Amino acid sequence: MVQITINGKQIETPEGTTVLRAAESAGIYIPRLCDHKELIPYGGCRLCIVEVNGWRVPMASCTLPVSNGMVVNTETEAIKKSREFILSMLFSERNHFCPFCQVSGGDCELQNAAYREEMTSWPIQPGWSNFTVDTSHPYFILDNNRCILCRRCVRACGELVGNFTLSVAERGAASLIVADTDVPLGESTCIKCGTCVQVCPTGALIDRVSVYQGHDKDLTEIKSVCVGCSVGCSMNILVRDNRIVRIEGDWEGKVNSGLLCEHGRYDPLTEARQRITTPQIRKNGKLEPVTWEEALRTVSDKLSPLAGDKNGVAAIASTRLTVEALSMFKELFSDRFNSNMVTSIEEGVPTAAATRFAEKNGAFEGKLDILRTADTVLCIGANINRSHMVAGFLFKRNMPKGTHLITIDPDISELDDMANIALKTKAGSDLALIKGLQAIIVKEGLGRVSLILPNADALIEQAVQTSGISHEELVQTAQMLAHSISPVILFGKGITAQRNESLIEELHRLAVLVGAVDNERFGLLSMKGEANSLAATLLGLDETFKLNGHQAVYIALGDDYVSKSLVERTSKAPYLVVQACYESKLTEQADVILPVTIWSEQEGHYINLDGRTQQAQKALPPHEGVYDNTTVFSEIAARANMTLKAEWQKAILERKSSVSLN
Ligand SMILES: Nc1nc2c(c(=O)[nH]1)N[C@H]1C(S)=C(S)[C@@H](COP(=O)(O)OP(=O)(O)OC[C@H]3O[C@@H](n4cnc5c(=O)[nH]c(N)nc54)[C@H](O)[C@@H]3O)O[C@H]1N2
Ligand SMILES: Nc1nc2c(c(=O)[nH]1)N[C@H]1C(S)=C(S)[C@@H](COP(=O)(O)OP(=O)(O)OC[C@H]3O[C@@H](n4cnc5c(=O)[nH]c(N)nc54)[C@H](O)[C@@H]3O)O[C@H]1N2
Ligand code: SF4
Ligand code: SF4
Ligand code: SF4
Ligand code: FES
Ligand SMILES: [Mo]
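About the thresholds
Per chain, the residues get numbers from 1 upward, laid out in the order the sequence is written. Each chain takes a letter, starting from A, and each ligand takes a number, starting from 1, following the order in which they are written. The predicted nature of this model means local features are confined to residues of pLDDT at least 70 and side-chain atom pairs, given and counted, to a pLDDT of 80 or more, with totals for whole chains, interfaces and linings taken over all residues. Note that the side-chain values use all heavy atoms of the structure and ignore hydrogens as well as water. Paired strands are those between which DSSP finds at least two bridges. A run of H or I in DSSP counts as a helix once it spans at least four residues, and a run of E counts as a strand once it spans at least two, with each numbered from the N terminus. Contact between two residues is taken to exist if any of their heavy atoms lie within 4.5 Å; hydrogens are not considered. The axes are straight lines fitted to the C-alpha atoms, using for helices just the contacting stretch, and the angles between their N-to-C directions are given from 0 to 180°. In this scheme, a residue with accessible area under 20% of its type's maximum is buried, one over 50% is exposed, and one in between is partly exposed, where area comes from a 1.4 Å probe on protein chains only. In this description, a nonpolar core means a group of buried Ala, Val, Leu, Ile, Met, Phe, Trp, Tyr and Cys residues linked to one another through side-chain atoms lying within 4.5 Å. When describing relative orientation, an angle under 35 degrees is termed roughly parallel and one over 145 degrees roughly antiparallel, while 65 to 115 degrees is termed roughly perpendicular and anything else oblique. Should the near helix be turned anticlockwise from the far one by less than a right angle, the crossing is termed left-handed; should it be turned clockwise, right-handed. Put simply, a residue is near a molecule or strand once any heavy atom of it comes within 4 Å of that molecule or strand. Under the convention adopted here, Pro, Cys and the residues Ala, Val, Leu, Ile, Met, Phe, Trp and Tyr are nonpolar, Asp, Glu, Lys and Arg are charged, and Gly plus all remaining residues are polar. For cavity detection a 1 Å grid was placed over the protein atoms alone, and a set of points counts as a cavity when a 1.4 Å probe fits there but cannot get out; an open set counts as a pocket when protein lies on both sides within 12 Å along at least five of seven lines, with lining residues being those that have an atom within 4 Å of a point. Should more than half of a molecule's atoms lie within 2 Å of a pocket's or cavity's grid points, that molecule is taken to sit in it. The salt bridge definition used is simple: a Lys or Arg side-chain nitrogen within 4 Å of an Asp or Glu carboxyl oxygen. Grid points are joined across faces, edges and corners, and a volume is the space filled by probe spheres set on the points. By convention here, the domain bounds are inherited from an automatic or database domain assignment. In short, buried area is how much 1.4 Å probe accessible area vanishes from two parts on joining, totalled over both. For the purposes of these results, a polar contact is taken to be a pair of N or O atoms within 3.5 Å, where, inside protein, one atom must be able to donate a hydrogen and its partner to accept one; residues adjacent in sequence count only when each atom of the pair is a side-chain atom.

A word on the sheet that holds strand S4 (residues 59–60)
Part 1: One open sheet holds the five strands; their spatial order is S2-S1-S5-S3-S4, and the pairing between them is mixed. With partners counted over all chains shown, the strands left at the sheet margins are strand S2 (9–13) and S4, one partner each.
Part 2: Judged from the two bridges that link them, strand S3 (residues 49–52) and strand S5 (residues 70–73) form a sheet pairing that is antiparallel. For Glu 51, the partnering residue across the bridge sits in S5 and is Asn 73.
Part 3: Packing of helix H2 (residues 77–93) onto the sheet brings it into contact with S3 and S5, and relative to S3 it is tilted by some 155°.

Observations regarding the side chain of His 36
Part 1: On the secondary structure map, His 36 appears in the loop between helix H1 (19–25) and S3.
Part 2: With a relative accessible area of 10%, His 36 lands in the buried category.

Quick word on the nonpolar core
Part 1: Judged by nonpolar contacts, the single largest core of 72 residues is most densely connected at Phe 140, Leu 166, Val 231, Leu 368, Leu 371 and Leu 490.
Part 2: Counting residues per element, this core draws most heavily on helix H11 (residues 389–396), which supplies six residues.
Part 3: Residues contacting Leu 166, with those up to four places away along its chain left out, are Cys 153, Val 154, Cys 157, Ile 177, Val 178, Ala 179, Leu 185 and Cys 196.
Part 4: Listed in part, the 50 residues of the second largest apolar core include Ala 295, Leu 534, Cys 581 and Val 632.

Things to note about the packing of helix H13 (residues 430–443) against helix H15 (residues 471–483)
Part 1: Interhelical geometry of H13 versus H15 gives an angle of 70° and a closest axis separation of 9 Å. Taken together, the axes of H13 and H15 lie roughly perpendicular to each other. Of the two possible hands of crossing, H13 and H15 adopt the one that is right-handed. In contact with Leu 433, Leu 437, Ile 440 and Ile 441 of H13, H15 contributes Leu 474, Val 475, Thr 477, Ala 478 and Ala 482.

Considering the site of ligand 4
Part 1: The full set close to ligand 4 counts 13 residues, and Cys 147, Cys 150, Arg 151, Cys 153 and Cys 200 are the nearest of them.
Part 2: Residue composition of the shell around ligand 4, by class: 10 nonpolar, one polar and two charged.

As for the environment of Ile 441
Part 1: Summarising the element assignment, Ile 441 is placed in helix H13.
Part 2: On the basis of relative accessibility, which here comes to 0%, the residue Ile 441 falls in the buried class.
Part 3: Separated by 19 residues in the primary sequence, Ile 441 and Ile 460 place their C-alpha atoms 10 Å from one another.
Part 4: In this view, Ile 441 contacts Leu 446, Gly 447, Ala 478, Ala 482, Leu 510, Leu 513 and Val 514; residues no more than four positions away in its chain are not counted.

What to know about the site of ligand 3
Part 1: In the vicinity of ligand 3, the contacting residues are Phe 140, Cys 157, Asn 163, Leu 166, Cys 190, Ile 191, Lys 192, Cys 193, Gly 194 and Cys 196.
Part 2: Applying the majority rule of atoms within 2 Å of the grid points places ligand 3 in the largest cavity.
Part 3: Taken together, the residues that form the shell around ligand 3 break down as seven nonpolar, two polar and one charged.

Considering the pattern of salt bridges
Part 1: For the coordinates displayed, the defined rule picks out 35 salt bridges.
Part 2: Among the ionic pairs, Lys 223 bridges to Asp 250, the shortest N-O distance being 3.4 Å. Here the residue Lys 223 occupies a position in strand S11 (residues 220–225), and Asp 250 occupies one in the loop between strand S13 (243–249) and helix H6 (262–265), the gap between them amounting to 27 residues.
Part 3: The buried category is assigned to Asp 250, whose relative accessible area is 8%.
Part 4: The network of salt bridges with common partners includes Arg 21, Glu 24, Arg 32 and Asp 35.

Topic: the sheet that holds strand S18 (residues 376–380)
Part 1: Read across the open sheet, the five strands follow the order S20-S19-S18-S21-S22; overall the sheet is parallel. In this open sheet, the two strands that pair with only one neighbour each are strand S20 (421–423) and strand S22 (524–526). Adjacent strand axes in the sheet meet at a mean angle of 15° when their direction is disregarded.
Part 2: Summarising the sheet, S18 and strand S21 (residues 487–491) pair through five bridges and their orientation is parallel. Paired with Ile 380 across the bridge in S21 is Phe 491.

Observations regarding the layout of surface pockets
Part 1: Looking at the second largest pocket, its volume works out to about 1,000 Å³.
Part 2: Forming the walls of the second largest pocket are 45 residues, and the residues nearest its centre are Glu 109, Gln 198, Cys 200, Asp 216 and Glu 248.
Part 3: Looking at the lining of the second largest pocket, the elements with two or more residues in it are H1, helix H3 (109–116), helix H5 (195–199), strand S10 (205–207), strand S12 (234–240) and S13.
Part 4: When grouped by side-chain class, the residues that make up the lining of the second largest pocket number 17 nonpolar, 11 polar and 17 charged.
Part 5: Taken together, domain 1 (2–75) and domain 2 (121–270) each give at least three residues to the lining of the second largest pocket, which thus spans both.

Remarks on the domain arrangement of the chain
Part 1: The domain boundaries assigned to the chain delineate domain 1 (2–75), domain 2 (121–270), domain 3 (280–347 + 539–651) and domain 4 (352–526).
Part 2: Each of domain 1 and domain 2 was reduced to a C-alpha centroid, and the two centroids are 27 Å apart.
Part 3: Counting residues at the interface gives 10 residues for domain 1, matched by 13 residues for domain 2.
Part 4: Carbon and sulfur atoms supply 59% of the area that domain 1 and domain 2 bury against each other, a total of about 1,100 Å² over both sides.
Part 5: Counting every contact that joins domain 1 to domain 2 gives zero salt bridges.
Part 6: Viewed at the interface, domain 2 and domain 1 are joined by six residue pairs in polar contact (both at pLDDT 80 or more).
Part 7: A per-class count over the side of domain 1 that touches domain 2 returns six nonpolar, one polar and three charged.

Here you go:
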């Protein structure tokens, strides 16, 4: 620990802390603009200057490490004057006529910094010229006229997102934020995650959707969890007048540390599907609006007599429902109705094989955090750039620092461009390929553990033949994996959809062989499906959906999109109940439609892909006329004279998980 004195206050702080952070930990605020908690200190704006005893000139506190006995003052007359001068320069350099700026009025860190110094004007004549405004992006606008060149956006896009789209062109006062080689943002490599907008302190990067919808002080912030995929990013939903104005990544989020992808930040704001707001029943071949009472009675009259019949009601639920809803669904149809076909829309495709492996061998998967320090990532059958973007950010950001990426995928994807090795295999050749990689490692004596493979040469030959990958490329891949110090293996639906447990077993063996997995390290992760993919499999909702003489089908669809296959497979159902939020091909063929709350109108828990239970709060009141998913299940149970215990915490522990739960 280091002792320092700031404004007369004795502070003990760990070595390596910056003066700015040390002050902050002691409740002393030092004004700053380019500094951001999640970004590497940059020292660009100089607003954070402080006086250090014995030093000739003021120092930028955001890049100044503490040292023992240091005496710092942050509010001397000289410092205050310098700060005012720095702000005057910033204001005069470009078009900072605050009254004309969208974020003026509490949301602009530049304006707020000036008010803190009690500035109402600045003495320097503005000398700016017109800078470009880029309006080509679907979600935000870049107005270089309001830019203070703090480079938070550039640093966030690189250091956090790992996309490296933004940079600075030109020099000095003419510096401009540009995308790629100065192409319009909308035509650039930008993946639309919006992180740059979230970190911009001024009105230079502004959101198209939330613009002119109110200032932060007018908005209510609700803590929630993204249900876009199984990563489970923490988010703040900003609401005004029962409307979502904006969604931001939660900097305190355990999984995502403030990051979101396009699906989390913007998809909910651009939802265009038609809501269903009244229950409907098919009468004389036509769907007609009815009261909840009539709808529930009709469903109950039809389903109650089927209770106890294994081939009575087949039931299938979305893995985007809360775990509260999923466990009630399971209890209702599995335990009370005793049906032999109760599953989820995912049908266990992304989860069942790993869960079965865990049932025999215990939890074997690691936590997403391990990606932050991986030096080699093997991505096999997982399209991380599309399906679990934020997980990808955690290692893509380190690639310029030497982290290697290997992909094994029969299809071409954007990941290939950045991969060090992209193996374009024949689909389904993974088992042979993985064994071949093991054999090379064993043969070359590179394994971390001993593994006897008497037929190594034959396995390698088999891998080459089956996968279509050359011997040389296989050796290169094996060596890259084996030589790395902290490798991580990610697998997705390309592997799990083969529903072959030995594939998981061999991947695990490979992970142990290269040191991705040992007694302390768990560098093997499956990417799973939707928000409650893991919860669904823990509740046993992971079988293939098949109709076998069932007399009714109950679908708790929630806000899922429906695939053609699900529509086709249920089209022959003798009786179809659809619990859904939006109109779809599936609701068109329903006998009864029960309209329910969307994700933002309900509260509940989600268990993400690495076993973390997270709570989402209700951001909006339920749309008039709709019920919560859990209410519908308990109403149906009550009408069939059943009571549901609804003990989800207990229910999810009945099955072994492939990853430890926390
Ligand atoms: N054989 C087999 N069965 C499977 C799987 C498998 O891989 N193989 N996968 C399982 C899994 S994990 C799942 S989640 C389920 C469902 O998985 P799939 O059956 O693969 O369904 P999805 O691909 O989710 O597609 C839903 C539909 O919604 C559309 N859609 C998605 N987003 C949008 C959008 O923003 N706008 C519009 N207009 N349309 C959109 C898609 O184009 C698609 O037609 O199937 C499960 N069953
Ligand atoms: N944006 C977005 N994110 C999503 C979803 C979404 O619809 N949109 N859906 C969510 C859901 S429901 C799921 S299940 C997950 C799925 O997420 P992932 O598990 O990553 O699955 P996919 O995105 O289908 O990518 C699977 C990859 O495996 C490759 N592949 C196919 N066959 C083989 C094979 O035999 N061997 C190997 N090695 N690779 C193969 C495919 O080319 C593809 O690139 O994503 C979730 N996240
Ligand atoms: S939206 Fe994301 S990828 Fe695009 S420029 Fe901003 S930070 Fe980079
Ligand atoms: S656009 Fe915003 S975040 Fe980027 S350098 Fe300019 S002021 Fe800073
Ligand atoms: S990575 Fe998944 S959970 Fe995170 S913001 Fe994107 S869709 Fe949502
Ligand atoms: S905050 Fe320290 S130089 Fe910008
Ligand atoms: Mo899925």
